[in-house]
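Listed below, chain by chain, are the residues.
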Amino acid sequence: MADRLNRREFGLGAGATGALVMTGGRCRAQAQVPPLKLGVLAPRSGFEALIGQGCQRGFEVAVPLLRDMGYAIELMSADTESKPDVARVQAEKLIAEGAHMLCGAWDSGQTAAVAQVSEQHGVPLVINIAADPKITEQGYKFVFRNFPNAPMLMTGALSLLKDLFEVTGTTPQTAVLMAVNDTFGQAAQNAINVLLPKLGMPFRLVDTITYDPQAKDLSVEVAKAKAARADLHIGVTRLNDGILMVREMVKQRYEPMGIVSPGSPGFYERPLIKALGKYAEYCFSNNPWMDPNQALTKTIDAAFAKTFPDDPFDINVGFSFEAALIAADAYKRAGSTNAQALVEALRATDIANRVMIGGPIRFDEKGQNVGNRLASLQIRNGKPTVVLPPTNAEAKPVFPMPGWSQRM
Amino acid sequence: MLTFVNIVVAGLLTGCVYGLMALGLSVIFGVIRIINFAHGAMMVVAMYFVLVANQKFGLDPLVAMPLIAAALFLAGYALQRGVINRYIARPEHEQFLLLLAVSIILTSSTLIAFGPDARSVHVDYAYDSYEIGGVLVDKVRALAALGAISGVAALWAFFRFTRTGKSIRACADNHVGAEVVGLNVKQLYAVTFGIGATCVGASGALLLLLVDVQPYIADDYTLLAFIIVIIGGLGSMPGALLGGLLVGVSEAVSGFVIMPSLKSMFSFGLLIIVLLVRPQGLLGRHV
Amino acid sequence: MNLLISSTMQRRSAMALAFFVAVMLVLPLFAGNYVVSMLVVVLFSAYVGQAWNLMMGYAGQLSLGHALYVGLGAYISGALFVHYGLPPWIGMLAGMAAAGLAGVVIAALSFRFGVTGVYFALLTIAFAEFTRIAFNHFAWVGGSSGLYLPVVTLTRDDIVHLRGSPTMFYYVLLALTLAALALSHLLLGRRVGFYWRAIREDQEAAQAAGIDVFRYKVAAVALSATMTAIAGALMAFYDNNLYPDTAFGISRSIDIITAPIIGGLGTLFGPILGAFVLTMLSETMTSLSANLGVNGLKQWIYGATLLVIVMLQPAGLWPWLKTLLRLDEGKL
């Protein structure tokens, strides 16, 4: 009978309600675990604003996704304004406001400033992106870096070149290096002279051309590069000079076998692809990148596309997410916000379910993750596409590149 | 050898646009004796206007040039009449701070409106180049240089043949004498600043063809304008143009012969030498 | 001159100064690291502003390239420490010597060739930029990758090796700022101070009155440069990393001069007040614009504030504040 509960139904109902009450109680108990206060620093204004805003998006998209994975973090955000002095004061502010851990800061100078503050207060710092090797050489106990340092970047990037030549069967005899005179460019210059013989690279470096980061006109530099008559053009650039460089190459009808950018931003960034259009196609960028095979990558990609449909899901987002993941994971294992407990948990980090290409996230005794791998990205159909290593590749690399006049 | 010729030609063409830009500064400094530290910022604002015209209405910067020049004349006139006029007799550091504040406000306004990324203008001939006897001449650069030269010519004609032009030159030569003769100096100062702004606007439109616009490039161009004006000679119009050409070529050549990242160092070195050895510049009158 | 100022006024000034010093001395005991690190920034600005003020406010020479001396002090002491382990205070002396020499060279060359006013200002910019680019290519100091000083985390403050908490740097800078204040006060009352002010008011008249204008102008620049280099060296050991673009950059030069001009050029306390006002304004703006998320708003408000102050109070905020506090005829 429909409108009168019989004994069996009552019993089931009571049982169900009881179970609900009990689990509800346990859920409330779990929710009682306070979220980790994560202070995140990024250059959201100033010279590096575009990049900093990308990092910030990575942190923000991490919060709900990590919650679904069973972690609980609360973001406290600060803007370093692309300046080390500000970064320092903002790190102090976050700590004063109760941050249990810090994440940041993309730029090596700003990160070094934050690292000092971190170490002085004994608050752990998880570096999302920063390449200067000296940050992990200071003997810090509280600083952990999930990003390859500059020598690792260059070694990885150049090795991938060798792989590229093998896979495509085309080997250039000569190369010219055009580098912006900043941290990336200097690292590239220092590394390339050491690594060319060490890695047994098949080409000879004919000329090195450096230019000022504020250069607004690269016609002279490209003319020099063209005059070197090299097979391969290696360009270590940032975003704007990358655009200028390719534009000048087209205008001056300079067509090398290929354009490769090892270990620097620029050739995976959406504004460059948008600005150069068909001329951006077939350019290579050898950098850490998101692993297309990882399930977590696909999850984040979908969530990011929904939350930030107009913005690119690139390494700034990827590494910032991973930094938040590392922090949350350490907190879960430590079970407390005590700094020493957090540090020990961080040291024991071992995360296989990750976003970026490489082995599980682990830190060595200096706090450096040596397991990250680089990928070779080629711009295809307006998107940075993984073409190497073959295990993570989405497409086969095209080398040599079609000439400028052949672009559609 | 051919590469060298290509580079020198490109440097000369760019130098023409630099010359027009510096002309604005030279006119203002030569007549009103005020250091316009907002020079680059004004140019960046003009560049953004031209950019918007290009993106929204498909207007070619060459076509927009006279329009932006006129607009900036009015803006410059108003700025001088309204704000700067009171500072002419004031000490240099106050003038500097005033124009610095104006520069910061203008630059941050463009930052708020357009964001920090570099933007470029789209013209159909953006990737074209002429080949003349083996020398590669960039079409865009050639057209920009032509625009600059016509701008300079128009200005020269103004100063030579019109009444106002001659009055301004009189003011520059002898301030007191000009007032004695009955010239409305205050009005002429405003006109002069307006003309300076016109040059800035026109050169901005042309420069947009050559470089990408970004809020942060303002200070670099202010400095560059000063270098050119001092090397060429203050208060000398042909001097500004000559200075522009010289700086354009020397930047190109030094970049080619030494290392491009040392380009600016070379320009500053040149500035130091000129300031010490011949402060009136190449074509300026004795200070 | 002392007879013309009432003893009440002098006592008021002295009391005001004593009060200020007392507050600054005990502040770190109550304030957390965040406030202290912010005040370290203020004191840097105040001290360098005083050094710059000596040259501009008293001798009337506009330097727009003062970052040159900061950079030289920082890089020389830093590099000597990195490569040879030279203790900071000794490296600082080397930095001071280099900066002083640079100042003498620039001043001597300029004034000998009759470069003054705007041209001199442009010359100072040119020298600073030239040095910046040179250091970007100078491998011994790390070039554009920057110079990193090895950091040793100690549990206590070590003032001899300049390793320690922000609080330690706070007190060092406070001492320096007060010393600079005392030095300026001292020099103003002596012959060199009078000569400087005469040169600032009317250089030709001063020359005609028999003052060796050239020598005193060069002395002003050299002193200013040497003092500034001290701050540079401290900056090197506080930040522990240096980049040519930030150390020698034109934005640093502009930051150096805005505090003293806003505070009050040619006054003793002006640079200090200016530093406080600008840093506080900056921090407030950071919080505000972070919440609003508008990139560039902070700079806009900063520019607008500068404009308003220049237009309404061109002599700076300190003279206005002095009148308000009725310290008018005191020596500050």
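Below is a summary of the structure that appears in this document. Keep in mind the model is a prediction, meaning the values are calculated, not measured. (Residues numbered from 1 in each chain as written. Chains lettered and ligands numbered in written order. Predicted model: local features only at pLDDT ≥ 70, side-chain atom pairs only at ≥ 80, totals over all residues. Heavy atoms only, no water.)

## Details of the overall build of chain A
Heads up, the condition is: Each helix corresponds to a stretch of at least 4 residues labelled H or I by DSSP, and each strand to a stretch of at least 2 residues labelled E; elements are numbered beginning at the N terminus. The buried label goes to any residue with under 20% of its type's maximum accessible area, the exposed label to any with over 50%, and the partly exposed label to all in between, with areas taken from a 1.4 Å probe on protein chains only. A contact between two residues is defined here by any heavy atoms of the two lying within 4.5 Å.
On a plain count of helices and strands, chain A comes out with 12 helices and 12 strands. In terms of overall dimensions, chain A has a C-alpha envelope of 90 × 60 × 35 Å along the principal axes. Residues classed as buried in chain A amount to 60% of the 408 residues present. Across chain A, the fraction of contacts at a sequence separation of at least 24, relative to all contacts at a separation of at least 6, is 69%.

## Section: the packing of aromatic side chains
Where two aromatic rings form a pair, the distance of their centres and the angle of their planes describe that pair. Let me state the cut-off plainly: Stacked, tilted and edge-to-face are the three classes assigned to paired rings of Phe, Tyr and Trp, where Trp is represented by its six-membered ring and a pair needs centres within 6.5 Å; plane angles under 30 degrees give stacked, over 60 edge-to-face, the rest tilted. Placement of a positive charge over a ring is assigned whenever Lys NZ or Arg CZ falls within 6 Å of the ring centre and within 35 degrees of the normal to the ring plane.
Enumeration over the complete set of coordinates arrives at 35 aromatic pairs over all chains. Centre to centre, the rings of F111(C) and F120(C) are 5.1 Å apart; their planes meet at 35°, and the pair counts as tilted. Note on accessibility: F111(C) and F120(C) belong to one class, buried. An aromatic cluster of three or more residues is present, and its members are Y75(C), Y84(C), F135(C), F138(C), W140(C) and F248(C). Here the guanidinium or amino end of R57(A) rests over the ring plane of F308(A), the centre of that ring lying 6.0 Å away. Above the face of the Y238(C) ring, R88(A) is positioned so that its terminal group lies 3.8 Å from the ring centre.

## Observations regarding the interface of chain C and chain A
Cut-off, in case you're wondering: Accessible area that two parts lose when put together, evaluated with a 1.4 Å probe and summed over both, is termed the buried area. Salt-bridge detection follows one rule: a side-chain nitrogen of Lys or Arg within 4 Å of a carboxyl oxygen of Asp or Glu. Residues adjacent in sequence count toward polar contacts only when both atoms are side-chain atoms; beyond that, a polar contact is any pair of N or O atoms within 3.5 Å, and within protein one must be able to donate a hydrogen and the other to accept it.
Taken together, the contact between chain C and chain A spans 33 residues of the former and 33 residues of the latter. Interface area for chain C against chain A, summed over the two sides, is near 2600 Å², with a carbon-plus-sulfur share of 43%. Linking chain C with chain A are two salt bridges. A salt bridge links E81(A) to K298(C), with the nearest nitrogen and oxygen atoms 2.8 Å apart. Here chain C is connected to chain A by 15 residue pairs in polar contact (both at pLDDT 80 or more). Counting only elements with at least two residues in the side of chain C that touches chain A, the list comes to α2 (33–58), α5 (117–136), α9 (213–239) and α12 (270–292) of chain C. Top element by residues in the side of chain C that touches chain A is α2(C). It accounts for five residues.

## Quick look at the pairing of strand β6 (residues 174–180) of chain A
Residue and element names in this part refer to chain A. Formally: Handedness is read with the strands pointing away from the viewer; a crossover is right-handed when the path from the first strand over the helix to the second is clockwise. Strands are labelled as partners when DSSP assigns at least two bridges between them.
Most of β6 sits inside the fold, with seven of its seven residues counted as buried. Both faces of β6 are covered, namely the face carrying T174, V176, M178 and V180 and the face carrying A175, L177 and A179. Between β6 and its parallel partner strand β7 (residues 204–211), the chain crosses via helix α6 (residues 183–198), and the hand of that crossover is right-handed. Inspection of the sheet shows β6 paired to strand β8 (residues 232–236) by five bridges, in the parallel sense. Across the sheet, V176 pairs through a bridge with H233, a residue of β8.

## Section: helix α6 (residues 163–173) of chain B
Residue and element names in this part refer to chain B. Note the cut-off: Starting at the helix axis, one direction is taken to each C-beta atom, and the arc is that of these directions.
Among the residues making up α6, those that are buried are G165, S167, I168 and C171. All buried residues of α6 project into a common sector of 160° when viewed along the axis, lining one side. Looking at α6, the residues exposed on the side facing more than 90 degrees away from the buried face are R163 and D173. Those residues of α6 that are buried are in contact with α1 (2–32), α5 (139–161), α7 (175–181) and α8 (185–210). You can read the cap of α6 off the contacts: a side-chain oxygen lies 3.1 Å from the backbone nitrogen of G165, and it is on T162.

## Here's the deal with the pairing of strand β2 (residues 135–138) of chain B
Residues and elements named next belong to chain B. Taking every second residue as pointing to the same face, both faces of β2 are buried, with V135 and V137 on one and L136 and D138 on the other. The sheet contact formed by strand β1 (residues 129–132) and β2 spans four bridges and is antiparallel. If you follow Y130 over to β2, its bridge partner there is V137.

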